[in-house]
Amino acid sequence: MTADRIDLVLFDLGGVLIRPGGVASMRALSGIDSDEALWTRWLGCPWVQRFEAGRCSPDEFAAGVVADWELELEPAAFLQAFGGWPEPPFEGALELVEAVQASVPAGFLSNMNSFQWTANYEGIPLTDAFAFRFLSFELGLVKPDAAVFEAVAARLPVPRHRVLFLDDNAVNVEAAAATGFAVRHVRGVQEARGALVETGVLVA
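Bear in mind that the values here come from a model prediction, so they are computed numbers and not experimental data. (Residues numbered from 1 in each chain as written. Predicted model: local features only at pLDDT ≥ 70, side-chain atom pairs only at ≥ 80, totals over all residues. Heavy atoms only, no water.)

Trainee: It is not clear to me how unusual backbone geometry should be interpreted in this structure. Could you clarify?
Mentor: The phi torsion of most residues other than glycine is negative, and most of the peptide bonds are trans. That bond from K143 to P144 is cis: its omega, 10°, falls within 30 degrees of zero. With respect to the element layout, P144 can be found in the loop between helix 9 (136-139) and helix 10 (146-155). The phi torsion at E70 lies on the positive side, around 55°, for a residue other than glycine. Mapped onto the elements, E70 comes out in the loop between helix 4 (58-68) and helix 5 (75-83). (Helix = DSSP H or I, 4+ residues; strand = E, 2+ residues; numbered from the N terminus.)

Trainee: I keep staring at the pattern of salt bridges and nothing clicks. Help me out?
Mentor: Side chains bearing opposite charge may pair, as long as their charged atoms lie close to each other. Across all of its chains, the model carries nine salt bridges by this definition. The closest approach of N and O atoms between R5 and D7, which form a salt bridge, is 2.7 Å. Take D7: its relative accessible area is 17%, and that puts it in the buried class. Two residues, D35 and R27, come together in a salt bridge whose shortest N-O distance is 2.9 Å. For D35, a relative accessible area of 37% translates into the label partly exposed. Residues joined by salt bridges that share partners form a network here, namely R5, D7 and R162. (Salt bridge = Lys/Arg side-chain N within 4 Å of Asp/Glu carboxyl O. Buried < 20%, exposed > 50% of the residue type's maximum accessible area, 1.4 Å probe, protein only.)

Trainee: What's the story with the sheet that holds strand 2 (residues 106-110) in this structure? I'm lost.
Mentor: Adjacent strands of a sheet pair through backbone hydrogen bonds, lying either parallel or antiparallel. Here five strands make up an open sheet; going across it, the order is 3-2-1-4-5 and the pairing parallel. Each having just a single partner strand, strand 3 (132-135) and strand 5 (182-185) make up the two edges of the open sheet. Averaged over all adjacent pairs, the angle separating strand axes in this sheet is 20°, with direction ignored. Strand direction decides the pairing type here: strand 4 (residues 163-167) and strand 5, joined by four bridges, are parallel. Bridging from a neighbouring strand, D167 pairs with H185 of strand 5. Helix 11 (residues 170-178) rests against strand 4 and strand 5 of the sheet, and its axis sits at about 170° to strand 5. (Pairing = 2+ DSSP bridges. Axes fitted to C-alpha atoms, helices over the stretch in contact; angles between N-to-C directions. Contact = heavy atoms within 4.5 Å.)

Here is the structure:
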């Protein structure tokens, strides 16, 4: 439980409000057996970090991932598959955000590339519902680097210890906690709602 009152909620998108996409496809391509191992490799991949920080083109990203992961397909084929990974929001995601915003302001902090953002999520009701928007490719920084949490904290109107950060990846949650945010490790809308009730943002 957090000791301080929560004055703002900061959501991750993928895995919390939006269905995570591409995990099964990348496991099949890479031969990695577990989701946890795949996420660890993916988050640590320098080409993923560069792309989500807006520091390389889609073609450079695809060529880099294919080479780094030793995938048995051409970069153009990987990029085409990657473009099909995004999934829609979870049922109830928009309603949850609207409920939060009736209590305290809400924002999101997402590792996201411009390629998938523009094609799939920009301007949809869910992402338009937030008071604050932080995208890695616009910030030039990616989770779980401490620098991204410092940059976001500097842009928010409330102290970081009164910001509740919800993410489905434990490494991101740990990094946010280490930089002073209140945190909860959650997957999906129902777990997120439970955390919001526990911290007093919403009533049961």
